[in-house]
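What follows is each chain in one-letter form.
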Amino acid sequence: MPNIRSHRKALPLRTWLGLRMSALAVGVVLAIASTLWLRYAYVDYHALRHAPPEVRQELERLSASPSENEERLWTLVRSYYTIRDVMPGTSNRDWILVGILILGFIPLIVIVGFGMAKPLARQFLYVSAAAHRVSDGEFGAKVDLVKDAPAEVRGLADDFNAMSGQLEQYEREMRESSAMLAHELRTPLNAAMGRVQGMLDSVFPRDDQQLQMVHRQLEQINRLVGDLHLVSLARAGQVSLQTEQVCLAEVAQEALRWLEAPLNEADIVTECSLDSAVRIEGDRGRLAQVVTILIQNVLRHAKQGGSLKIQVRSDRDLGVLEVADAGPGVPADALPKLVDRFWRADQSRARDSGGTGLGLAIAAAICHSHGGSLSFEQVLPSGLSCIVQLPLLRD
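This report concerns the structure included in the present document. In this convention, every chain numbers its residues from 1, walking through the sequence in written order. Restriction of local features to residues with pLDDT of at least 70 applies here, the model being predicted, together with a cutoff of 80 or more for giving and counting side-chain atom pairs; totals for whole chains, interfaces and linings are based on all residues. Each side-chain value is worked out from all heavy atoms of the structure, with water and hydrogens disregarded.

A look at the overall build of the protein
Strands are runs of DSSP state E lasting at least two residues, helices are runs of H or I lasting at least four, and both sets are numbered from the N terminus onward. Counting its regular elements, the protein contains 11 helices and seven strands. By residue count, 35% of the 395 residues in the protein fall in the buried class. Method for areas: the Shrake-Rupley scheme with a 1.4 Å probe, in which residue coverage is limited to the protein chains shown. A total accessible area of about 23,700 Å² is found for the protein, and carbon and sulfur atoms account for 56% of it. A 1.4 Å probe rolled over the protein chains alone gives each residue an accessible area, and that area as a share of the maximum for its type sets the label: buried under 20%, exposed over 50%, partly exposed in between.

This is how it looks when you write it as structure tokens:
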């Protein structure tokens, strides 16, 4: 999920809260100061509106320098101003005005504060509501993102959406896998039981050939159970890896040698571009299993007489193994489903082509256990490219 977070442009929670609290405090202080300034301006205007111009000039001059002639200044103040406007202490009207302003701004501060906190509260409310839906079994519940919420809270909503998406995928896989697993196990099991019952009823002879047929069916069941066990262990991060320094080019060459005969039989032309300098730290056997699965996938679904391109290269701090074919390909909307257990695309993964539908799921699980990934891209005009990305070995 590249994973581009929608809260990249949002402010961090600390900054978000700090700016809103500071803006509210500064706004209140400026409002009170502006009201007091207006009050003083009104008092001056009301007191001096009938005073001669020379008195106003003299008062302005003495106000600028009170120590010049304090007696004259007090005389002018007593003549034109109300005594309660200039009295010191709490009887001054200024204190009454300050008290009125504070009492008047308290409700405003509360209302504006709640309004400023609304995006934060609404985002938490959405997360809480979605969490309740998930607890009730709606695993795909999503959280709506609030535009003005802080980055950390939007990040929480993003992570919750990713988590619910994973839960929905796992729930869907479990539901589909249960049905598919029952079908995959029933076919060889019924065949084996039918063969044994036939031998018991003397329909089939009780010889080694019949036992070998039963043994092949039981082997298929055992292989299916083993594959499922491997996928489960890998997703739980419990796959035991015997790590060593591995050359990806050598692993690819070894897999090609193992599958040389079926590739020749399918008349598939192989093109290789292998960089022997690409080395990673991993389990050689498991990585060979990944390459084998990808090549077998080409054998199973590519066109007869097609092509197979294998490339090993480095991309910044990643080692890349790409296996591409010229087969029928997979629709773009189906590419993310290729690693789902038992999933088959209609065009390229028909049941009669063989396989249990676990191969790519196993390959993806092994890549994930190595700290890497398995992704897919369409090849034009037709075909599928499987891309393995693994961390390069660091000196």
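A few points about the side chain of aspartate 283
When you line up the elements, aspartate 283 lands in strand 3 (residues 279-283). One buried charged residue, aspartate 283, forms no salt bridge at all, with the nearest opposite charge on arginine 286 at 5.0 Å. In this structure the side chain of aspartate 283 is engaged in a polar contact, spanning 2.9 Å, whose partner is the backbone nitrogen of glutamine 242. Only heavy atoms matter for contacts: two residues are in contact if any of them lie within 4.5 Å across the pair. When neighbours within four sequence positions are excluded, aspartate 283 is seen to be in contact with Ser240, Leu241, Gln242, Thr243 and His370. In this charge count, Lys and Arg are treated as positive and Asp and Glu as negative; neither His nor the chain ends contribute. What counts as a salt bridge is simple: a side-chain nitrogen of Lys or Arg found within 4 Å of a carboxyl oxygen of Asp or Glu. For the purposes of these results, a polar contact is taken to be a pair of N or O atoms within 3.5 Å, where, inside protein, one atom must be able to donate a hydrogen and its partner to accept one; residues adjacent in sequence count only when each atom of the pair is a side-chain atom.

Points about helix 5 (residues 118-135)
Helix length check: helix 5 (18 residues) gives 25 Å between terminal C-alpha atoms against 26 Å at 1.5 Å per residue, within 8%. Pro119, Leu120, Gln123, Val127, Ala130 and Val134 are the residues of helix 5 that are buried. Viewed along the axis of helix 5, the buried residues span an arc of 105°, placing them on a single side of the element. More than 90 degrees from the buried face of helix 5, the exposed residues found are Leu125, His132 and Ser135. With its phi angle positive at about 105°, glycine 137 sits one or two positions after the end of helix 5. Helix span, expected: 1.5 Å multiplied by one less than the number of residues in the helix. The directions from the helix axis to the C-beta atoms form the arc being described.

Re the pairing of strand 5 (residues 318-325)
Extensive coverage of strand 5 is indicated by the burial of seven of its eight residues. If DSSP finds at least two bridges between two strands, the strands pair. The antiparallel hairpin formed by strand 4 (residues 307-315) and strand 5 contains two residues in its connecting segment, where arginine 316 sits at a positive phi of about 55°. In the sheet, strand 5 pairs with strand 7 (residues 384-391) via seven bridges, with the strands oriented antiparallel. Opposite leucine 318, over in strand 7, you have proline 391 as the bridge partner.

Some remarks on unusual backbone geometry
For residues that are not glycine, phi is negative in most cases, and the peptide bond is trans in most cases. Although it is not a glycine, serine 202 adopts a positive phi angle of roughly 65°. Here serine 202 lies in the loop between helix 6 (151-200) and helix 7 (208-235). In this structure serine 202 comes out as exposed when scored by relative accessible area, which is 59%.

Quick word on a nonpolar patch on the surface
Patch criteria: residues need more than 30% relative accessible area and no salt bridge. Like-charged residues are merged within 9 Å; nonpolar side chains of Val, Leu, Ile, Met, Phe, Trp and Tyr are merged within 5 Å. A grouping of Ile102, Leu103, Ile106, Val110 and Phe114 is seen on the molecular surface, where their side chains present a nonpolar patch of about 520 Å² in accessible area. Secondary-structure assignment places phenylalanine 114 in helix 4 (residues 93-116). Accessibility expressed as a relative area gives 63% for phenylalanine 114, which makes it exposed.

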